[in-house]
Amino acid sequence: MKDIANYALEALKKAGADKASCRVEKARKDEFNIEANEFTLLGTTFDNGLAMKALVGGRKGVVSINKLDKGSVDEAARNCVELAKAAEPDEAEDIAPLVENKDFVMEEMTNDIDGLFKRSKEYLEQVRDELPKIIIEGFSSALKSSEEAYVNTNGVCFGAKWESYSFNSMFVGKEGESSSSFNYDGANFLKPTTPFMQSGMHRTLLEEAERSTNPRPVDEKFTGKIIVTPACADLLWDTILSNFISDRPLIEGTSRWKDALDTKVASEKLTFRAAPLIKEILTGPRYTNDGFVTRDVDFIKDGVLKSFALSLYGANKTGKPLNPTSSYNMEVLAGDVPLDEIIKSVDNGILLNRFSGGSPGASGDISGVAKNSFLIKNGKISDALQETMISFNILDALKNITAISQERVANGSTLLPWCCVDGITVSGK
């Protein structure tokens, strides 16, 4: 991979690039598919990819190809440089400086496709035998192995060789003519040694789907609490990243937190971070797409905004600090309250497993539909809910976190607890 990447880098320089970077990958993916509780496919795909970036006089060109022969690389390099010459200049465009070069290679690669099949078959049988109301509408399990390299004209050189296993399942609960809303879940892992049913919240979500075939509406409009489960990561944690601390909102100036570093933005109970290197995160990348070694970064610590999730371009564009990390690998530190106690503290609220709604505006206001969720009444989880509208301001919600659970769920990519938030408007009948 390094030979191919270095050849591409030289081709870019010969074509006229002042600065350049290349990332190349060869990957194989073996995948099982299940539909309607039956195996339907075993497929194997091979993917080659080469991504080039050229800078000419502060102008950027990017090209990606899936052929790695010299002729294709030479042509792509010329095209990349021509695109750069035609682009508008942007002083924020750059490539990573040389700090350290590393190879990241897994200690053991098992290539255990038989083990993956056994786990997939075991999963299907467990659903049939233990959860008869569950219909698996779509399921895939995969083994992916990859070899890759990154180089740039500043002398940065990374290599990586890794292997990972995963499963993803979409399912509904069905009883007669009644059914639950569909739900989905999955996990990543390094070896197929643990039953899929034991991964993260998976069994809980399946069991809840069985109990949701006859959901009820909320009888009244009220303001109360929601308990956001680890399965609903997009509601709070993805929204923080995409709307307040990443490149786009900070470059465009729409983030309400653009000048809030080292100020309190959330309850002191909350520490939210990117953690690609912790042991519970199994698939965190070891270097970034723009050529830096990744590190764990606290975004919010004890309620105080400590860092942004800015790329090299975003940092140069805004003048704010760069933080090379993987924001997809989120961790929220555990709280000090057992989940059972949090549930008991809720007089009127919702256990929220899935949220469907738009992104908040600049003000932080957000509304959408609670799905696959349950009513909490007088400290007890009661009926499954029909799809129910909820609305709140996410900036206020972060300050209104009343409890974070001691328990956390790891799915190989994230490590998250249950989080109780007050001041949520639930729109019943």
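Definitions and cut-offs
- Residues numbered from 1 in each chain as written.
- Predicted model: local features only at pLDDT ≥ 70, side-chain atom pairs only at ≥ 80, totals over all residues.
- Heavy atoms only, no water.
- Domains from an automatic or database assignment.
- Contact = heavy atoms within 4.5 Å.
- Buried area = accessible area lost by both parts, 1.4 Å probe.
- Salt bridge = Lys/Arg side-chain N within 4 Å of Asp/Glu carboxyl O.
- Polar contact = N/O pair within 3.5 Å; in protein donor to acceptor, adjacent residues only side chain to side chain.
- Helix = DSSP H or I, 4+ residues; strand = E, 2+ residues; numbered from the N terminus.
- Nonpolar A, V, L, I, M, F, W, Y, C, P; charged D, E, K, R; others polar.
- Core = buried A, V, L, I, M, F, W, Y, C linked by side-chain atoms within 4.5 Å.
- Buried < 20%, exposed > 50% of the residue type's maximum accessible area, 1.4 Å probe, protein only.

Undergrad: Please explain the domain arrangement of the chain as it appears in this structure.
TA: You'll often see interface size given as the accessible area lost when the parts meet. Domains assigned within the chain are domain 1 (2-210) and domain 2 (222-427). For domain 1 versus domain 2, the separation of C-alpha centres amounts to 24 Å. With 30 residues of domain 1 at the contact, the number on the domain 2 side is 29 residues. Of the roughly 2400 Å² buried between domain 1 and domain 2, counting both surfaces, carbon and sulfur atoms make up 61%. For the domain 1 face of the interface with domain 2, the top three residues by lost area are Ala-92, Asn-188 and Met-201, together amounting to 22%. Across the contact surface, domain 1 and domain 2 share one salt bridge. Linking Lys-317 and Asp-90 is a salt bridge whose minimum nitrogen-to-oxygen distance equals 3.3 Å. On inspection of domain 1 and its partner domain 2, the count reaches twelve residue pairs in polar contact (both at pLDDT 80 or more). Those elements giving two or more residues to the side of domain 1 that touches domain 2 turn out to be strand E5 (134-152), strand E6 (157-175), strand E8 (183-189) and helix H4 (202-210). The biggest single contributor to the side of domain 1 that touches domain 2 is E8, with six residues. By residue class, the composition of the side of domain 1 that touches domain 2 is 17 nonpolar, six polar and seven charged.

Undergrad: What should I look at first to understand the nonpolar core in this one?
TA: One recurring pattern in soluble globular proteins: nonpolar side chains tend to sit buried together. Core analysis: the biggest nonpolar cluster contains 51 residues, and Leu-235, Trp-237, Ile-245, Trp-257, Leu-270 and Phe-272 have the highest contact counts within it. Among the elements that take part in this core, helix H5 (residues 233-245) stands out by supplying eight residues, more than any other. Every residue in contact with Leu-235, bar those within four places of it in the chain, is listed here: Ile-226, Val-228, Leu-352, Phe-355, Ile-366, Phe-392 and Ile-394. Formed by 35 residues, the second largest nonpolar core is a distinct cluster that contains Tyr-123, Ala-187, Met-197 and Val-409.

Undergrad: Would you explain the environment of Leu-83 in this entry?
TA: Topologically, Leu-83 is positioned in helix H2 (residues 70-86). Residues in contact with Leu-83, not counting those within four places in the same chain, are Lys-60, Gly-61, Val-62 and Val-63.

Undergrad: Explain the environment of Ile-4 here, please?
TA: Positionally, Ile-4 belongs in helix H1 (residues 2-15). With 65 residues separating them in the primary sequence, Ile-4 and Asp-69 have C-alpha atoms 8.7 Å apart. Discounting residues that sit within four places of it in the chain, Ile-4 has contacts with Val-24, Lys-26 and Leu-68.

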